[in-house]
Amino acid sequence: MSTTNIVSVNEDNLIDRCISILKNNGVIAVPTDTIYGLAALVNSEQAVQRIYEIKGRSFTKPLAIAVGYVDDIFTWAKPTLTKEQLATGDLLPGPVTLMFERQSSLPSYFNSNVTNIAIRIPNCQFMIELAQRLNQPIALTSANISNESSSLCIEEFKTLWPQVNLVIDAGLLASNDRRGSTIVDLSQNGYFHIQREGIDCERIVRYLEEHCHLQKQPIVL
């Protein structure tokens, strides 16, 4: 595939172009506030399947979703935190993935083997605007072959370029941290469990303990 499928994040009418591709079952490579990702519409079973095939990812491993507004979380999940706790800016938007029990509004084929859903609102203007304009959830996962190192610039996933419809280049990402977002399981009321220690993990834990008054989920032996 020619390099014409690589565009700058600052290109005019980029959001419109991305929406058109996604609504036609496309997969795009996107910058976020953490690492580069692969994105498709949750409502496109064909595109979701393509993400798994591009990454060589096991179909039993769930994908996260990205949304544009905190209110959207209540459409697709059953949050154990209030809107006010979620939307302070200490959690969202930010480098965190929050796991809650899923709502039946999600398609049954999407992460069909799990009861929870992982949700992001990346602190990235491009991703926020894309999700808000689409007004539907975006399937999101890291732009790399499964179990290989995550990507901070588009050259690091060059082998995937021919398999995606568009690569959005935002240069070297400011996070400069390959760990990706901190993943927090909040599905149990009153408790939290860190599934992955990622960017800003200590700050996020402090916020959950001090401002949301949550306890670390006890480890069951």
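Quick look at the structure, then.

Rules used in this analysis
Residues numbered from 1 in each chain as written. Predicted model: local features only at pLDDT ≥ 70, side-chain atom pairs only at ≥ 80, totals over all residues. Heavy atoms only, no water. Salt bridge = Lys/Arg side-chain N within 4 Å of Asp/Glu carboxyl O. Buried < 20%, exposed > 50% of the residue type's maximum accessible area, 1.4 Å probe, protein only. Helix = DSSP H or I, 4+ residues; strand = E, 2+ residues; numbered from the N terminus. Core = buried A, V, L, I, M, F, W, Y, C linked by side-chain atoms within 4.5 Å. Contact = heavy atoms within 4.5 Å. Phe/Tyr/Trp six-rings, centres within 6.5 Å; stacked < 30°, edge-to-face > 60°. Polar contact = N/O pair within 3.5 Å; in protein donor to acceptor, adjacent residues only side chain to side chain.

### Some details on the pattern of salt bridges
Thinking step 1. Counted by the stated rule, this structure contains 8 salt bridges.
Thinking step 2. For the salt bridge of glutamate 11 with arginine 17, the shortest nitrogen-to-oxygen distance reads 3.3 Å.
Thinking step 3. Looking at arginine 17, the relative accessible area reads 33%, which means it is partly exposed.
Thinking step 4. For arginine 120, the salt bridge is made with aspartate 33, and the minimal N-O distance between the two is 2.7 Å. Of this pair, arginine 120 sits in strand β7 (residues 116–120) while aspartate 33 is found in the loop between β2 (28–30) and β3 (37–41), placing the two residues 87 residues apart along the sequence.
Thinking step 5. Under the relative-accessibility criterion, arginine 120 is labelled buried at 5%.
Thinking step 6. For aspartate 33, a relative accessible area of 16% translates into the label buried.

### Structural notes on the nonpolar core
Thinking step 1. In terms of nonpolar packing, the biggest core is built from 51 residues, with Leu91 and Leu208 touching the most fellow members.
Thinking step 2. Looking at this core, the elements that each hand over two or more residues are β3, α2 (45–55), α3 (70–76), β6 (96–102), β7, β11 (191–196) and α6 (201–210).
Thinking step 3. Filtering out sequence-adjacent residues up to four positions away, leucine 208 remains in contact with Leu81, Leu91, Val184, Leu186, Phe192, His213 and Leu214.

### Some thoughts on the packing of aromatic side chains
Thinking step 1. Going through the model one piece at a time under the given rule, you end up with 2 aromatic pairs.
Thinking step 2. Judged by centre distance (5.7 Å) and plane angle (50°), the rings of tyrosine 36 and phenylalanine 157 are tilted. One end of the pair, tyrosine 36, is in the loop between β2 and β3; the other, phenylalanine 157, is in the loop between β8 (138–142) and β9 (166–169), with 121 residues separating them in the sequence.
Thinking step 3. By relative accessible area, tyrosine 36 is classed as buried at 0%.
Thinking step 4. Geometrically, the ring pair formed by tyrosine 52 and phenylalanine 59 is stacked, given 4.8 Å between the ring centres and 25° between the ring planes.
Thinking step 5. Tyrosine 52 gets classed as buried once you look at its relative accessible area, which sits at 6%.

### Brief notes about the environment of glutamate 11
Thinking step 1. Tracing the sequence through the fold places glutamate 11 in the loop between β1 (6–8) and α1 (14–23).
Thinking step 2. A residue is classified by how much of its surface remains accessible, and glutamate 11, at 33% relative accessible area, is partly exposed.
Thinking step 3. C-alpha separation for the pair glutamate 11 and aspartate 169, spaced 158 residues apart in sequence, amounts to 9.8 Å.

### Details of unusual backbone geometry
Thinking step 1. Cis geometry marks the peptide bond from leucine 92 to proline 93, where omega comes out at -10°.
Thinking step 2. The topology assignment puts proline 93 in the loop between α4 (83–86) and β6.
Thinking step 3. One non-glycine residue, asparagine 111, adopts positive backbone phi at about 50°.
Thinking step 4. When you line up the elements, asparagine 111 lands in the loop between β6 and β7.
Thinking step 5. Even without being a glycine, histidine 213 presents a positive backbone phi close to 55°.

### Things to note about the environment of arginine 17
Thinking step 1. With respect to the helices and strands, arginine 17 occurs in helix α1.
Thinking step 2. Separated by 130 residues in the primary sequence, arginine 17 and asparagine 147 have C-alpha atoms spaced 30 Å apart.
Thinking step 3. Engagement of the side chain of arginine 17 in a polar contact is seen with the side chain of glutamate 11, the distance being 3.3 Å.

No statement about biological role is implied by the geometric values presented.
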